[in-house]
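Fold and contact review
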Amino acid sequence: MKLFRWFAPALAASALLCVGQTPAPATTPAPKPKAATPAAKPRPSPTGGARPVARVNPKLRNPALANEKAPDFYKAKFTTTKGDFVVSVSRAAAPIGADRFYNMVKIGFFNDVYFFRMIPGFVAQFGIPSDPAIAAIWMNARLKDEPVHETNKRGSICFAKTNDPDTRTTQLFINLGDNNRLDAMGFAPFAVITEGMDVVDKLNLQYGDTPDQTLIQTKGAAYLTKEFPNLDKIISAVITDPPPAPPRPKPAAPKPAAAKPPVKKT
């Protein structure tokens, strides 16, 4: 999905750039979600034994299942090729976006996801899966728009969208500068980077917004690693606060009833 841009005159320092995702053209039918494939059998390794097969969270293949309500406040730690940063989320700022982000982190959506659009002083954009099959499933998992309660200040995060209503899906951007002009356009921040903004500032800017989003959607990491080998990416993301609840202990087996003494006959 390509992003649209609204530029002021080319030489104007205040050129306005709207961040967003455009739906597939009307002439192109939206891809249908593919059915989940059965887990592959372990393959023997050259040294003997079975080679472990990575498990995919079933919620990655069915966005409708990723529907937990997020805590009122939570933090997520992102590990990237440039280091770690911490995102602090306030659900009250944008509940719909905060819930989607919480579920995306929990199911491993951001693992191996690239920062594919880097505009100096503006945004660092990410959120298209590296696996085209997963990207096809999520591209139509739209979120409803919601009121803007926080400003798009440096370090804040919100979902990308188009001018059309209810077009947010999985793409997000980090504001690299104070972009409060986006507030009136309906971009609703739900989080802010509270640790590691210096790491975000180190992300590679050399490719700008050259990567083609349609090709990222259809070819995934194979396209990006071939054409843009120096792109930075997210290695993993986890919820750190509140910590995961410990597993519930299994209820103890009921004790057998004590045998009653025999009744004596008189």
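Our subject in this report is the structure included herewith.

Concerning the overall build of the chain
When its secondary structure is counted, the chain shows five helices and ten strands. Buried positions account for 43% of the 266 residues belonging to the chain. Counting only carbon and sulfur atoms, one obtains 59% of the accessible surface of the chain, whose full area is about 15200 Å².

Focus on the pairing of strand 10 (residues 233-241)
Relative to strand 10, strand 3 (residues 73-80) runs antiparallel, the two being bridged by six bridges. Each bridged residue has a counterpart across the sheet, and for A76 the counterpart in strand 10 is I239. When strand 5 (residues 113-119) meets strand 10, the two strands line up antiparallel, connected through two bridges. From the neighbouring strand, V113 faces strand 10, where its bridge partner is I234.

What to know about the pairing of strand 8 (residues 172-175)
Every second residue of strand 8 is oriented toward a common face, with L172 and I174 on one face and F173 and N175 on the other, all of them buried. One ladder, built from four bridges, connects strand 6 (residues 123-126) with strand 8; its direction is antiparallel. Across the sheet, residue F126 finds its bridge partner in strand 8, namely L172. In terms of strand pairing, strand 7 (residues 156-159) meets strand 8 through three bridges, oriented antiparallel.

Topic: the pattern of salt bridges
Under the definition given, this model contains nine salt bridges. The partner of R91 in a salt bridge is D99, and the shortest N-O contact between them spans 2.8 Å. The pair formed by R91 and D99 is uniform in burial state, with each residue classed as buried. Close ionic contact of E146 with R168 constitutes a salt bridge, the shortest N to O distance being 3.0 Å. Here E146, found in the loop between helix 2 (132-138) and strand 7, pairs with R168, found in the loop between strand 7 and strand 8; they are 22 residues apart in sequence, far enough to count as distant. Residues E146 and R168 agree in their burial class; the two are buried. Because the salt bridges share partners, they merge into one network encompassing K59, E68 and K106.

Comments concerning the packing of aromatic side chains
Evaluation of the coordinates by the stated rule reveals 14 aromatic pairs. Centre to centre, the rings of F78 and F85 are 5.1 Å apart; their planes meet at 5 degrees, and the pair counts as stacked. Exposure class is identical for F78 and F85. Each is buried. Judged by centre distance (5.1 Å) and plane angle (55 degrees), the ring pair of F101 and F190 falls under tilted. With F101 in helix 1 (residues 95-106) and F190 in the loop between strand 8 and strand 9 (191-195), this pair connects stretches of sequence that are 89 residues apart. Each of the two residues, F101 as well as F190, counts as buried.

Some points on the nonpolar core
Within the largest apolar cluster, 43 residues are counted, with the highest numbers of intra-cluster contacts made by F78, F101, F110, I174 and F190. If you tally residues by element for this core, the top one is helix 1, at five residues. What F110 contacts, discounting residues up to four positions off in sequence, is F78, F101, M104, V105, F126, L172, I234 and A237. Judged by nonpolar contacts, the second largest core, of ten residues, contains Y114, F116, I128 and L231.

What counts, and where the lines are drawn
- Residues numbered from 1 in each chain as written.
- Predicted model: local features only at pLDDT ≥ 70, side-chain atom pairs only at ≥ 80, totals over all residues.
- Heavy atoms only, no water.
- Helix = DSSP H or I, 4+ residues; strand = E, 2+ residues; numbered from the N terminus.
- Buried < 20%, exposed > 50% of the residue type's maximum accessible area, 1.4 Å probe, protein only.
- Areas by Shrake-Rupley, 256 points an atom, 1.4 Å probe, with all protein chains shown as cover.
- Pairing = 2+ DSSP bridges.
- Salt bridge = Lys/Arg side-chain N within 4 Å of Asp/Glu carboxyl O.
- Phe/Tyr/Trp six-rings, centres within 6.5 Å; stacked < 30°, edge-to-face > 60°.
- Core = buried A, V, L, I, M, F, W, Y, C linked by side-chain atoms within 4.5 Å.
- Contact = heavy atoms within 4.5 Å.

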